[in-house]
Number of protein chains: 2
Amino acid sequence: METAGVAEQLTDGIVALDSGIDRVPDATYGRRAMQLARMTGLGLAVAPGVALSFDLVRRLAEGAPFPELPEPPGADVPLVLRLSPLLRGLGGPDSLTGLGLAPDTLGPLGERIGADRARGQLARLITDFAALVHGLDLSALAGVRPHDGSVIRLDADGLGRLLSRYADLTGRAFPGTRTEQLAAAVTAMWKAWNGRSARLVRLAKGAPEQTGPGLVLQAMQFGGAAGLSGFGVFEQVDAGNGTPGRFGSFQRFRDVTLPGDPGTAPPEGPLCELPPSVLADLDTAGAALTRDAGDAFRIEFALLSDRLLLLDAMPVRRNARSAVRIAVDLARQGAISRERALLQIEPKSLIEYLHRQVAAEAPRDVIAAGLAASPGAATGRIVFTAGEAQAAAARGDHAVLVRGETGPEDIRGMHSAAAVLTLRGGMSSHAAVIARGMGVPCVVGATGLRIDLAGRRLLSADGRAFGPDDSLTLDGTAGEVMAGPVDLIAPELTGALSDLLGWADDVRSLGVRANADTPAEARIARDFGVDGIGLCRTENMFFDAARITTMREMILADCPETRQAALERLLPMQRADFVEMFGIMRGLPVTIRLLDPPLHEFLPTGPEETAEFARAMDLPVAEVTARARDLFEVNPMLGMRGVRLGVVMPEIYEMQARAIFEAAVEVNRGAAAPVVPEVMMPLVSAFRETELVKDRIDRVAAAVRTEQGVDFQYRLGIMVETPRAALRAGDLAATSAFLSFGTNDLTQMTYGLSRDDAGRFMREYVNLGVFDEDPFLSLDVEGVGELLLIASRRGRARNPRLTLGLCGEHGGDPSSIRFCKLAGFDYVSCSPFRVPIARLAAAQASLLTRSSAEPDG
Amino acid sequence: METAGVAEQLTDGIVALDSGIDRVPDATYGRRAMQLARMTGLGLAVAPGVALSFDLVRRLAEGAPFPELPEPPGADVPLVLRLSPLLRGLGGPDSLTGLGLAPDTLGPLGERIGADRARGQLARLITDFAALVHGLDLSALAGVRPHDGSVIRLDADGLGRLLSRYADLTGRAFPGTRTEQLAAAVTAMWKAWNGRSARLVRLAKGAPEQTGPGLVLQAMQFGGAAGLSGFGVFEQVDAGNGTPGRFGSFQRFRDVTLPGDPGTAPPEGPLCELPPSVLADLDTAGAALTRDAGDAFRIEFALLSDRLLLLDAMPVRRNARSAVRIAVDLARQGAISRERALLQIEPKSLIEYLHRQVAAEAPRDVIAAGLAASPGAATGRIVFTAGEAQAAAARGDHAVLVRGETGPEDIRGMHSAAAVLTLRGGMSSHAAVIARGMGVPCVVGATGLRIDLAGRRLLSADGRAFGPDDSLTLDGTAGEVMAGPVDLIAPELTGALSDLLGWADDVRSLGVRANADTPAEARIARDFGVDGIGLCRTENMFFDAARITTMREMILADCPETRQAALERLLPMQRADFVEMFGIMRGLPVTIRLLDPPLHEFLPTGPEETAEFARAMDLPVAEVTARARDLFEVNPMLGMRGVRLGVVMPEIYEMQARAIFEAAVEVNRGAAAPVVPEVMMPLVSAFRETELVKDRIDRVAAAVRTEQGVDFQYRLGIMVETPRAALRAGDLAATSAFLSFGTNDLTQMTYGLSRDDAGRFMREYVNLGVFDEDPFLSLDVEGVGELLLIASRRGRARNPRLTLGLCGEHGGDPSSIRFCKLAGFDYVSCSPFRVPIARLAAAQASLLTRSSAEPDG
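All values reported here derive from a predicted model rather than from experimental measurement. (Residues numbered from 1 in each chain as written. Chains lettered and ligands numbered in written order. Predicted model: local features only at pLDDT ≥ 70, side-chain atom pairs only at ≥ 80, totals over all residues. Heavy atoms only, no water.)

Draft legend 1. Spatial organisation of the overall build of chain A. When you go through chain A residue by residue, the secondary structure sums to 33 helices and 30 strands. A principal-axis box enclosing the C-alpha atoms of chain A has dimensions of 105 × 60 × 55 Å. In chain A, which comprises 857 residues, the share counted as buried stands at 57%. The contacts of chain A with a sequence gap of at least 6 include a subset with a gap of at least 24, amounting to 69%. Accessible area for chain A stands at about 33,500 Å²; split by element, carbon and sulfur atoms hold 51% of it. (Helix = DSSP H or I, 4+ residues; strand = E, 2+ residues; numbered from the N terminus. Buried < 20%, exposed > 50% of the residue type's maximum accessible area, 1.4 Å probe, protein only. Contact = heavy atoms within 4.5 Å. Areas by Shrake-Rupley, 256 points an atom, 1.4 Å probe, with all protein chains shown as cover.)

Structure, rendered in structure tokens:
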């Protein structure tokens, strides 16, 4: 009874590929089976076969008897067994060819293709079967290359040796029936698919861990003596860049003499060997598939005495560049909607567009590995200080700045460097964050290296030393440090991407601004199609060599008069910065954050720099040191910074406000669209802080209006970086035009976790599953996200016209961008180099949150 | 019409003091008027008079005409004008005597008391009037001491000189009618009461800023020639300590010859000059007042030819000591309820009980002022290092430890010191927090001082130098540093306080635990009537000289084996600590926090200590320095600490868990009530952290159970210190027995404000009203408080049996305690020395949150 029941059920799990499109759903039979059924349904010539369902495969693997196979493929035809998982491209054993061949039953095939060739086919089956079922490598013995399309000739002795070797090693004879072979092969494929490493690969790629696989069994195809025969691959576009055309390869069936030398295998040839009629048929098949599925396909085919038979088809594997071109072309042709084109591109993949990359085939002399902190690759001479990097840039040389770790004093050098390498620090270290912001390739935490500062050498773990005359290549995409120059591919913003982002702008409702501190960054952002500047960190304007001394004078002033005098000298510098920024961003909003970092960050570090500054100031070194020590903080992140500076030393913010307003007046002269600067207070934790600062800024504005005799507008807002500011957003919104969430600091405070210090254990934390992801890279929805939701709800309840933005590193992260869209934010602001990513991610967020959003919508 | 209306209203604002208790409410006429009306109503002999309402006084001050006065006091009697505000003891001009006297109308009074005495009374009026109305000091000219009860004789010339001087200085003659005098005096009193400085005094004392004042007008009293006459003050208890008895003074009316020498004024004498019948009458009056109002009173009286007339009465002014005694005695007598006694004592005032104080009258040679970081006073020799403090303690000497600032390495020295002085730091600096915890008097931020370490001297701003042979007295209650020894009052836990706290325990539902790290602190806490230990910080156990080297070995271990070996040596030390703690706290819960601080806090500081440690470890100094540098953190508060240590280096927590469990087994042997240790994980931010640590701790417990062959119980809980832990309390509560809010760190993270660094601007922030109060001292209800409420709601929703506690500094702050009661917490935990405060505050919180709680409840 039970056996009969099982047998009936088994028959239920088998379907012929020509049963009709609807009877072979991919959720039951896998993607390959579905695709083959669709091809058959489209009237294309497809190798006949059947599909086995996920459920059937599992039960077969658990020992259920193998059922009879319907026609086709029929009872005594050699079969090809192929995996049919829910998603393709996830590895695993792919296929096994020739199932059903056995020493005793080779006769009919030998008659058709010759005895030695038939033995060759069997040898391939034995070899592949041994590898799949027993984990044995018999290929060397047989001279057979597994999974190779070439045809092998084998004499009877050779086959005998192979069979007896198989029996020796496995303890049993090679199975003589198709059913035995199938039962063992299906079980082995199921086990391999469900093995630990395959599951990990799927997990790592975000694919379902335990779905499937299904299997496809097709009749094996053999060419005849007449006409052209062989296997081929046809792609409708160039997989490397998406250009339409005919790409792929064709391999004529050829004989191989055994015991074979691998070098004698026939090379794959180009498609031009094919007759025009076959190419036309392939074009037709491809066009049919594109119409059917809205994608560009890779088709596997056999040519059998000039007759075309399709064996498989799947979308062309693609990189970011080709993916964009394919999607845009398909949308232009009307094969898919623009919305679907937008949804097909993974936003993060656009990083490949925006930086130079190491050529895939380039030889690499890797001397150390670190964290891939900022993507892109660059080659340059080694420099060990920011000053050397600037000097190199001034000479027009490319320099790789190598530091133990970086600090604010290195920022100028980082700007000048072609790439940055640090020996310490994590993905959120100063070097990593700043380099990403600048778009400078960066590798951090290359712990295998050591700096010999005295000898001005970089030492690798294998004992090599690199000096200032040596060049390095950094691959910030892969996290590799290489000796010498390496071939790089230049960045390119193709027309297809430009079109795609234009469509994204049509769709998205979330603004995309850039975090840009300098005119150079503002220009990049503008070129990348930004909606404004969401965060201009004014402090970075003061690290310039021409300004830092004045800044330090201001900080170390021992009386208000001295401070005021220094501030008056800083005023025109700040004003000039803002005039330039406003000019570049004309017509777009610019949000300027008032001075934020603790003042000690601006002070000289190290005895030499201190002595130099003391000489410049005509002060005793001891005095400079003592004043600097007075400013020392145990936890600078949580100290005297942000709006606290504005409350306790109001002159600084007054100077900055004046510079902003005077710059606005200057830029507005004769301009059609006046600048409306947005002034933002950082690190607010109490409403009264904002009152005190607002009062002073409003007074500065009134004074500038009177002095200049013209009116101008500005918007005052708050950077929400402390949990308390988020909780009190209702209060804060009452007198603010906007709230912008500084999710870097907000994440630090919500977790009690310093970005600078988290690197030491972040990797371990993510590995242990403590954090799903580094919360500094992808917004922590459950914690920080709740604070954002609380704040936006309370802020909008109090002030319905409140603008809400996000200006942390998360502004460039697609999943965080989607969160911002769901939370009803007005904009995100990210590094200039991530603006294209954010534009696409914002469009996807709009599409995915529309109730009507269907992939084909 | 309007004038008539106004006049009618004015008459409405006047009430005779004998109109009946209900007709003179203090909200309309002020506290003094109400008290006099009550005394009259009790049948006591009170000087007759009228009260003017707040509203009437305001309108008179605004220029309304002065109304007719009813009988008594009558039309032509000299009057005493006295302030009657809503609350007493808030300063301001108190009284004006003799209103209505004038040069032309002195006759009737002269006939009664003699012409020269009558002129003396007028001279007093002129002098006081000039001071009040015109701000002039004529007392020197007239030889009159203002506000002095003595009787003055003045001849006509003297009066003439005074009158013409008055006219010269004011530009007008002294007003000749009572109405003129009253109108001017009332206006002046109203203005003085509403002046800026008086308002600031009221604000500073938390009193209503702009209520009142009312006024009282009484007939002036003169003694006759017969019998004893004079003014006196009678108090039912000793204002200094609350002991019942007859206290006060009496001053016979005496003549003073003019121009008078202030030295000739009659001294106030003791009450024994009074006849027994008068004393008995005063006792009777006092008893009547106590029955009426439930308080101990101070009575002002006149004796007029042996006849007692009461002039005023108010509750005895008191300090903490007398307040407790008075309240407890009143409750014991049944004059007030125990609840009212509990509510009458300001919990913070109990600090006076718990420390020695500088005697009020003691001469002080103050050399610097700082922040009053930990109350109490102590005298000792100056020491500059922790080691010297320990050495002094070993010799039985008292030492004052003077440091720039303190760190963990100073803790032992702080324990040994009589008091601690730091030149830097705020109320939340290491020194302040630790000293408060220890109950050691402490002054921090004494910026006027400088340490000359080379010369081993402390230098004051006025150029004096103090060396190791000099002694200092610190007043941690006032924040003063004094040269040499100063008289101190010893601490005392009197029977009355003990009774009061017993009543508090009967009433309160909120548990009070102590933050105690050592057996010594646990003993203090137990003596102070604690309900358990809410926070035992295990790290402080490792700073002991015998342990620190092993601890450092563990930290700097370069392989797991070395670390394990060091941990095995630390295990018995930790176990011994816990055995002792559990023994002291037998029957009460003990919550042990696993290691929390970043490991670098344990490393040697400074070259000498580093060299010494390197010698002990037989390591090169450079290696020790390099390893220490590897552990450096930019923001140690937000770095590799707390549960992060437990996740990344699990061996440490495993050792601690083993020590706790083995100690519990040892203490439980033969004990009736077994110890149930509570193990707490610090700085949690993600649920998975707690899973990983819980898993290991549970395994250690299972191992100890197997090894020891006995069972024991323990509770695992979480210290909620990060905003994220508060938000995710629902998750955390699922597997936790308790959540304890570490509000120190939670406040730091919610504000983004480091306690160690906030000192630099906290004072300015509070002054500017940015923060109402230092949020590290009193819980920030709006921000941190909301997180506590969110967490307690979510935690209890997930796990209704969840225990909720608070173990930050706020656990000793009465308003924070009240918040915890309202939030439904189970306990607060505070410094041992604040336990009595917390017990009282918890009782008050229970009383104030009962719906039936009335002051006389």
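Continuing now.
Draft legend 2. Highlighting the interface of chain A and chain B. Taken together, the 48 residues of chain A in the interface contact 48 residues of chain B. Roughly 4,400 Å² of surface becomes buried between chain A and chain B when both sides are summed, with 54% attributable to carbon and sulfur atoms. The largest per-residue losses of area from chain A upon contact with chain B belong to Leu638, Arg724 and Arg760 of chain A, which jointly make up 14% of the total buried on that side. Taken together, chain A and chain B are joined by 8 salt bridges. For Asp780 of chain B, the salt bridge identified is with Arg724 of chain A, shortest N-O distance 2.6 Å. Across the contact surface, chain A and chain B share 28 residue pairs in polar contact (both at pLDDT 80 or more). Elements with a minimum of two residues in the side of chain A that touches chain B: α24 (643-648), α26 (687-708), α27 (723-727), α29 (743-751), α30 (755-767) and α31 (784-798) of chain A. Tallying contributions element by element places α30 of chain A first for the side of chain A that touches chain B, with 6 residues. (Buried area = accessible area lost by both parts, 1.4 Å probe. Salt bridge = Lys/Arg side-chain N within 4 Å of Asp/Glu carboxyl O. Polar contact = N/O pair within 3.5 Å; in protein donor to acceptor, adjacent residues only side chain to side chain.)

Draft legend 3. Structural context of the nonpolar core. With 277 residues, the main nonpolar core has Leu500, Phe582 and Phe661 of chain A together with Leu500, Phe582 and Phe661 of chain B as its most contacted residues. Discounting residues that sit within four places of it in the chain, Leu500 of chain B has contacts with Val324, Val328, Ala341, Leu342, Ile345 and Leu840 of chain B. (Core = buried A, V, L, I, M, F, W, Y, C linked by side-chain atoms within 4.5 Å.)

Draft legend 4. Spatial organisation of helix α20 (residues 545-556) of chain B. Between the first and last C-alpha of α20 of chain B there are 17 Å, a value that for 12 residues agrees with the 16 Å anticipated at 1.5 Å per step. The secondary structure elements touched by the buried residues of α20 of chain B are α21 (560-584), α22 (606-617), α23 (621-630) and α25 (650-668) of chain B. (Expected span 1.5 Å × (residues − 1).)

Draft legend 5. Structural detail: the packing of aromatic side chains. Inspection of every chain in the model, using the stated rule, returns 24 aromatic pairs over all chains. Relative to Tyr765 of chain A, the ring of Phe761 of chain A has its centre 5.3 Å away and its plane inclined at 65 degrees; by these criteria the two rings are edge-to-face. Here Phe761 of chain A pairs with Tyr765 of chain A, and both are found in helix α30, just 4 residues apart, close to one helical turn. With respect to burial, Phe761 of chain A and Tyr765 of chain A carry one shared label: buried. With 5.0 Å between their ring centres and 70 degrees between their planes, Tyr765 of chain B and Phe771 of chain B make a pair best called edge-to-face. (Phe/Tyr/Trp six-rings, centres within 6.5 Å; stacked < 30°, edge-to-face > 60°.)

Draft legend 6. Inspection of the packing of helix α20 (residues 545-556) of chain A against helix α21 (residues 560-584) of chain A at higher detail. Residue and element names in this part refer to chain A. The interhelical angle for the contact between α20 and α21, taken along N-to-C directions, is 145 degrees, at an axis separation of 8 Å. Viewed along their axes, α20 and α21 form a crossing whose handedness is left-handed. In this structure, α20 contributes Ala546, Arg547, Thr550, Met551, Glu553, Met554 and Ile555 to the contact, and α21 contributes Arg563, Ala566, Leu567, Arg569, Leu570, Met573 and Asp577. Residue classes in the contact of α20 with α21 are distributed as 8 nonpolar, 1 polar and 5 charged. (Axes fitted to C-alpha atoms, helices over the stretch in contact; angles between N-to-C directions. Left-handed = near helix turned anticlockwise from the far one by under 90°. Nonpolar A, V, L, I, M, F, W, Y, C, P; charged D, E, K, R; others polar.)

Draft legend 7. Region of the structure containing the packing of α25 of chain B against helix α26 (residues 687-708) of chain B. Residues and elements named next belong to chain B. Here α25 crosses α26 at 40 degrees, and the two axes come no closer than 9 Å. Between α25 and α26, the crossing angle belongs to the class labelled oblique. Judged by the sense of rotation from one axis to the other, the crossing of α25 with α26 is right-handed. Mapping the contact onto sequence places Pro650, Tyr653, Glu654, Ala657, Arg658, Phe661, Glu662 and Val665 in α25 and Val693, Arg696, Ile697, Val700, Ala701, Ala703, Val704, Glu707 and Gln708 in α26. (Parallel < 35°, antiparallel > 145°, perpendicular 65-115°, else oblique.)

Draft legend 8. A look at the relation of the copies chain A and chain B. Relative to chain B, chain A is turned by 179 degrees and slid 0.1 Å along the rotation axis, the superposed coordinates differing by an RMSD of 0.2 Å. Taken together, the rotation and translation relating the two chain copies correspond to the operation of a two-fold axis. Both copies present the same face, since 100% of the interface residues in chain A are matched by interface residues at the equivalent positions in chain B. (Least-squares fit on C-alpha atoms with pLDDT ≥ 70 in both.)

Draft legend 9. Fine view of the confidence of the model for chain A. Residue and element names in this part refer to chain A. Looking at chain A as a whole, its pLDDT mean stands at 86, while 91% of the residues score no less than 70. pLDDT under 50 marks residues 145-149. Its contacts with residues more than four places away, or in other chains, come to 18 contacts. Counted against residues more than four places away or in other chains, residues 256-266, with its pLDDT under 50, gives 18 contacts. Interface confidence for the predicted complex, expressed as ipTM, amounts to 0.78; the pTM equals 0.79. (pLDDT = per-residue confidence, 0-100.)

Draft legend 10. Examining the sheet that holds strand β1 (residues 14-16) of chain A more closely. Residue and element names in this part refer to chain A. Ordered in space as β1-β2-β5-β3-β4, the 5 strands form an open sheet in which the pairing is antiparallel. Of all strands in the sheet, those with a lone pairing partner are β1 and β4 (95-99), marking the two edges. When strand polarity is set aside, the average angle formed by the axes of neighbouring strands in this sheet is 20 degrees. Across 3 bridges, the pairing between β1 and strand β2 (residues 49-52) is antiparallel. What sits directly across from Ala16, in β2, is Val50. On the sheet, helix α9 (residues 178-193) packs against β3 (79-84), β4 and β5 (214-219) and is oriented at approximately 175 degrees with respect to β4. (Pairing = 2+ DSSP bridges.)

Draft legend 11. Main features of the environment of Arg172 of chain A. Mapped onto the fold, Arg172 of chain A is located in the loop between α8 (156-170) and α9. Other than its neighbours up to four places away in sequence, Arg172 of chain A contacts Tyr166 and Ala167 of chain A.

Draft legend 12. Representation of the sheet that holds strand β18 (residues 442-444) of chain B. Residue and element names in this part refer to chain B. With respect to topology, 8 strands assemble into an open sheet ordered β13-β23-β22-β15-β16-β17-β18-β14, the strand pairing being mixed. Sheet topology places β13 (366-369) and β14 (371-374) at the edges, where each strand pairs with a single neighbour. Each neighbouring strand pair of the sheet contributes to a mean axis angle of 30 degrees, computed without reference to strand direction. In terms of strand pairing, strand β17 (residues 419-422) meets β18 through 2 bridges, oriented parallel. Across the sheet, the residue bridging to Leu421 is Val443, located in β18. Packed onto the sheet, helix α17 (residues 430-438) meets β14, β17 and β18 and runs at close to 170 degrees relative to β18.

Draft legend 13. Structural detail: the pattern of salt bridges. Following the criterion strictly, the structure yields 104 salt bridges over all chains and no others. When the shortest N-O distance is used, the salt bridge between Arg696 of chain B and Glu654 of chain B registers 2.7 Å. Of this pair, Arg696 of chain B sits in helix α26 while Glu654 of chain B sits in helix α25, and the two are 42 residues apart along the sequence. One connected set of salt bridges, linked through shared partners, spans Glu539, Arg593, Asp596, Arg641 and Asp745 of chain A.

Draft legend 14. Region of interest: the side chain of Gln844 of chain A. All names here are of chain A. Of note, Gln844 is situated in helix α33 (residues 835-849). You can call Gln844 buried: its relative accessible area is 11%. From its side chain, Gln844 meets the backbone oxygen of Ile345 in a polar contact 2.6 Å long. Beyond its immediate chain neighbours, meaning those up to four positions away, Gln844 contacts Leu342, Leu343, Ile345 and Pro347.

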